[in-house]
Amino acid sequence: MIGIVTAMNCEAAYLESVMKEPSKKKIGAWEFTAGKIGSTDIVLAVCGIGKVFAGACTQTMITGFDCTHVFNVGVAGSLDPNVKIGDIVSATAAVQHDMDTTAIGDPLGLISGINLIELPCDEAFTSDFEQFLAKQGKALKKGIIATGDKFFKKNEDKQFVSKTFGAVAGEMEGGAVAQICYANGVKCNVIRMITDNAGEGSGEEYTVNLEECAVSLADTFAQFIASRG
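Residues numbered from 1 in each chain as written. Predicted model: local features only at pLDDT ≥ 70, side-chain atom pairs only at ≥ 80, totals over all residues. Heavy atoms only, no water.

Chemist: An account of the overall build of the protein is needed here, citing residue identities and associated values.
Modeler: Counting its regular elements, the protein contains six helices and 10 strands. Computed over C-alpha atoms, the radius of gyration of the protein comes to 16 Å, within 12% of the 17 Å expected from 2.2 N^0.38 for 229 residues, which places it in the range of a compact globule. Seen through its C-alpha atoms, the protein measures out along the principal axes to roughly 50 × 40 × 30 Å. Out of the 229 residues belonging to the protein, those deemed buried represent 53%. Looking at the protein alone, contacts between residues at least 24 apart form 75% of all its contacts between residues at least 6 apart. For the protein, the separation between the mean place of its 19 positive charges and that of its 28 negative charges on side chains is 3 Å. (Helix = DSSP H or I, 4+ residues; strand = E, 2+ residues; numbered from the N terminus. Rg over C-alpha atoms; globule rule 2.2 N^0.38 Å. Buried < 20%, exposed > 50% of the residue type's maximum accessible area, 1.4 Å probe, protein only. Contact = heavy atoms within 4.5 Å. Lys, Arg positive; Asp, Glu negative; His and termini not counted. Charge placed at Lys NZ, Arg CZ, Asp CG, Glu CD.)

Chemist: Tell me about the nonpolar core, and name the residues and values.
Modeler: In terms of nonpolar packing, the biggest core is built from 65 residues, with Leu15, Phe32, Val70, Ile88, Phe129, Ile191 and Phe221 touching the most fellow members. The greatest single-element share of this core, amounting to 10 residues, is contributed by helix H6 (residues 202–227). Apart from the residues lying within four places of it in its own chain, the contact partners of phenylalanine 221 are Ile4, Leu15, Phe71, Val73, Phe125 and Ile191. (Core = buried A, V, L, I, M, F, W, Y, C linked by side-chain atoms within 4.5 Å.)

Chemist: How would you explain the environment of phenylalanine 71 if you had to name every residue and give the values?
Modeler: Examined against the element boundaries, phenylalanine 71 turns out to sit in strand S5 (residues 69–78). Using a relative accessible area of 1% as the deciding quantity, one classes phenylalanine 71 as buried. Taking the C-alpha atoms as reference points, phenylalanine 71 and valine 177, 106 residues apart in sequence, are found 8.3 Å from one another.

Chemist: I'd love a proper account of the packing of helix H2 (residues 51–65) against helix H5 (residues 174–184), names of residues and values included.
Modeler: Where H2 contacts H5, the axes come no closer than 8 Å and their chain directions differ by 35°. Every pair of crossing elements has a handedness; the one defined by H2 and H5 is right-handed. Packed against H2, whose contacting residues are Lys51, Ala54, Gly55, Thr58, Gln59 and Ile62, the element H5 presents Ala176, Val177, Ile180, Cys181 and Asn184 at the interface. Residue classes in the contact of H2 with H5 are distributed as six nonpolar, four polar and one charged. (Axes fitted to C-alpha atoms, helices over the stretch in contact; angles between N-to-C directions. Left-handed = near helix turned anticlockwise from the far one by under 90°. Nonpolar A, V, L, I, M, F, W, Y, C, P; charged D, E, K, R; others polar.)

Chemist: Before we move on, can you summarise the packing of aromatic side chains with the specific residues and values?
Modeler: This model, assessed by the stated rule, comprises 10 aromatic pairs. Relative to phenylalanine 65, the ring of phenylalanine 32 has its centre 5.3 Å away and its plane inclined at 45°; by these criteria the two rings are tilted. Here phenylalanine 32, found in strand S3 (residues 30–37), pairs with phenylalanine 65, found in helix H2; they are 33 residues apart in sequence, far enough to count as distant. The burial state of phenylalanine 32 is the same as that of phenylalanine 65; both residues are buried. Both rings, one in phenylalanine 132 and one in phenylalanine 224, keep their centres 5.4 Å apart while their planes meet at 70°; by these two values the pair is edge-to-face. Of this pair, phenylalanine 132 sits in helix H3 (residues 123–135) while phenylalanine 224 sits in helix H6, and the two are 92 residues apart along the sequence. Accessibility classification places phenylalanine 132 together with phenylalanine 224 in one group, the buried group. (Phe/Tyr/Trp six-rings, centres within 6.5 Å; stacked < 30°, edge-to-face > 60°.)

The values reported here are purely geometric and, on their own, carry no functional implication.
Next comes the structure, spelled out in structure tokens:
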């Protein structure tokens, strides 16, 4: 069973629409929809926005459905001028830019207890997804995706995160999903489509592009899952 976690309904709606034999189950705060895309068994949930919702929903999904791989699928803002609106990005690793215990000598972003800054993502998936997109004439952008409970509205904030972590995109859930997957020994990938350039003026870009990007990425990801079996 693979799990798909999205933050918002608009990121999940298309995926649910193409699922075969869907069935719903409420566990705690979340409704989980289990079914198939192609011949692959999946479970889908909308976690809500932010790291706490994302982490708690991911743990509930792993425990309740015995997932062996969890994907966090949705939208993000660009932190790199080479990553444009409409680009698909697969994280080589996820970081949490707002994790800060530097006062006791730790580097910024170090996650206490597991002593990692960069949370691993599954390389085999990224390679397969890149090849799939190439056959469609599309390019996959790859790089570190930075997570924090903050929508960047200042250019200096996004530039600091980009420089500090080498991040190419920023969002609010992926790092939490990746942390819970790491703690459970479950494979993880964070896949995003870029809606905006983060920083000043990004709110309007996000609003204009959100629906189209969310559906486009969901369609592409569903095609990829269906192609695997």
